[in-house]
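Structural overview
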Amino acid sequence: MIVTLIVVCEVAFWVLLAAGLAVRYPLKMPRTGLALLLCEPLLELVLLAVTAIDLKNGAEPSWEHGLAALYIGFTVGYGHYTIGRLDAYAAHRFGTGPKPVKPPRYGYARARHEGVLWLRTLVAVAVAAALLQGAILYVGDGGATESLRSWQWSALRIAGIHGVIALTYTIWPKKGPEGKGGEGVEGSWDRGSQSGGSWDAGSEDARSQDRRSQDSRSRDPRSQDPSRTFTG
């Protein structure tokens, strides 16, 4: 039953998210859309309540309860981040919002981004570990808590592996296509999109006009022979 409820909560998460964004932007009802988005945490509360009731009714702790705790933890750690990014894309696509800036792909900017994501993973693991510890204390020493403890170690391993991956971007920063350690082409596009791209377009037009004027001067014979400039 717990696994089925986890699947239902995951499907309901995306359904509520899509409905909230659709009502918020295409249908032009921002308050109603926001209300739908604020219902997302209720799904985790329902899952937590059902899991606690299942244990209270004498169910033996199993991997299902551990999976539920891990799911709730990662929803807390990454749910707001996911909703925020998709809301920004919807605001740009259907509203008047600016184009969302893409995550950096190169250099130390990518390393900082990976570090922030790792901190979210730490939050998720901390929430999951706390819920699992609460379930262990609730069951007591006489219950079968080995499965719950194994899920705690699994959560810690996830945090450790993600931390090592994030650290590699600091030790070996990924270079951009230009061979530099900065953001590369992706970062340049992001900065241009933030300023509306007007500066880049204007500079390109100026460079094109300068090249055309140089070409016209090079084809003009008077520009090559000064003695012919004032003749006739």
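What counts and what doesn't
- Residues numbered from 1 in each chain as written.
- Predicted model: local features only at pLDDT ≥ 70, side-chain atom pairs only at ≥ 80, totals over all residues.
- Heavy atoms only, no water.
- Helix = DSSP H or I, 4+ residues; strand = E, 2+ residues; numbered from the N terminus.
- Buried < 20%, exposed > 50% of the residue type's maximum accessible area, 1.4 Å probe, protein only.
- Contact = heavy atoms within 4.5 Å.
- Areas by Shrake-Rupley, 256 points an atom, 1.4 Å probe, with all protein chains shown as cover.
- Core = buried A, V, L, I, M, F, W, Y, C linked by side-chain atoms within 4.5 Å.
- Patch = residues over 30% accessible without salt bridge, like charges linked within 9 Å, V, L, I, M, F, W, Y side chains within 5 Å.
- Salt bridge = Lys/Arg side-chain N within 4 Å of Asp/Glu carboxyl O.
- Phe/Tyr/Trp six-rings, centres within 6.5 Å; stacked < 30°, edge-to-face > 60°.
- Lys NZ or Arg CZ within 6 Å of the ring centre and 35° of its normal.
- Axes fitted to C-alpha atoms, helices over the stretch in contact; angles between N-to-C directions.
- Parallel < 35°, antiparallel > 145°, perpendicular 65-115°, else oblique.
- Nonpolar A, V, L, I, M, F, W, Y, C, P; charged D, E, K, R; others polar.
- pLDDT = per-residue confidence, 0-100.

1. Topic: the overall build of the chain
Secondary structure assignment for the chain yields 9 helices and 0 strands. Ordered by position in the sequence, the α and β elements of the chain form the string α-α-α-α-α-α-α-α-α. When the 232 residues of the chain are sorted by exposure, 31% land in the buried category. In the chain, once contacts between residues fewer than 6 apart in sequence are set aside, the share between residues at least 24 apart is 69%. Only carbon and sulfur atoms are counted for the fraction: they give 64% of the accessible area of the chain, which is about 14,500 Å².

2. So, the nonpolar core
Ile 6, Cys 9, Leu 17, Leu 21 and Leu 47 are the most contacted members of the largest nonpolar core, which totals 18 residues. When residues of this core are traced back to their parent elements, those giving at least two are α1 (2–24), α3 (40–56) and α4 (63–94). With 8 residues, the top contributor of residues to this core is α1. The contact partners of Leu 47, leaving out residues within four places of it in the chain, are Leu 5, Ile 6, Cys 9, Ala 68, Tyr 71 and Ile 72. Ala 69, Val 125, Ala 135 and Ala 155 belong to the second largest nonpolar core, which has 12 residues in total.

3. Digging into the environment of Ala 135
In this fold, Ala 135 is placed in helix α5 (residues 107–139). When near neighbours in sequence (up to four residues on either side) are disregarded, Ala 135 contacts Leu 55 and Leu 148.

4. A closer look at a nonpolar patch on the surface
Taken together, the side chains of Val 7, Val 11 and Val 15 make up a nonpolar region of the molecular surface, amounting to roughly 260 Å² of accessible area. Following the sequence through the fold, Val 11 ends up in helix α1. Look at Val 11 and you get partly exposed, because its relative accessible area is 49%.

5. Remarks on unusual backbone geometry
The residue Lys 28 is not glycine, and still its phi comes out positive at about 60°. As for its placement among the helices and strands, Lys 28 is situated in the loop between α1 and α2 (30–38).

6. Section: the pattern of salt bridges
A full pass over the atoms with the stated rule returns 2 salt bridges. Between Asp 87 and Arg 24 there is a salt bridge whose closest N-O contact spans 3.2 Å. Here the residue Asp 87 occupies a position in helix α4, and Arg 24 occupies one in helix α1, the gap between them amounting to 63 residues.

7. Things to note about the packing of aromatic side chains
Under the defined criterion, the tally for this structure stands at 2 aromatic pairs. Taking the centre distance of 5.2 Å and the plane angle of 90° together, the rings of Phe 13 and Trp 14 count as edge-to-face. Of note, Arg 93 hangs over the ring of Phe 94, and the distance from its end group to the ring centre comes to 5.1 Å.

8. Some words on the packing of α3 against α4
It is the contact of α3 with α4, at a shortest axis distance of 10 Å, that shows an interaxial angle of 170°. Comparing their axes, α4 and α3 come out roughly antiparallel. Facing Glu 40, Glu 44, Leu 47, Leu 48, Thr 51, Asp 54 and Leu 55 of α3, the residues of α4 in contact are His 65, Ala 68, Tyr 71, Ile 72, Thr 75 and Ile 83. Partitioned by chemical class, the residues of the contact of α3 with α4 number 7 nonpolar, 3 polar and 3 charged.

9. Observations regarding the confidence of the model for the chain
Confidence in the prediction of the chain, expressed as mean pLDDT, is 80, and 75% of residues score 70 or more. Averaged pLDDT values for the elements of the chain fall to 37 in helix α7 (residues 184–194) and rise to 94 in helix α6 (residues 146–171). Low pLDDT, under 50, characterises residues 180–208; the stretch is placed with 26 contacts to residues that sit more than four places away or in other chains. Predicted confidence is poor over residues 222–232, with pLDDT under 50, and the contacts of this stretch with residues over four places away or in other chains come to 6 contacts.

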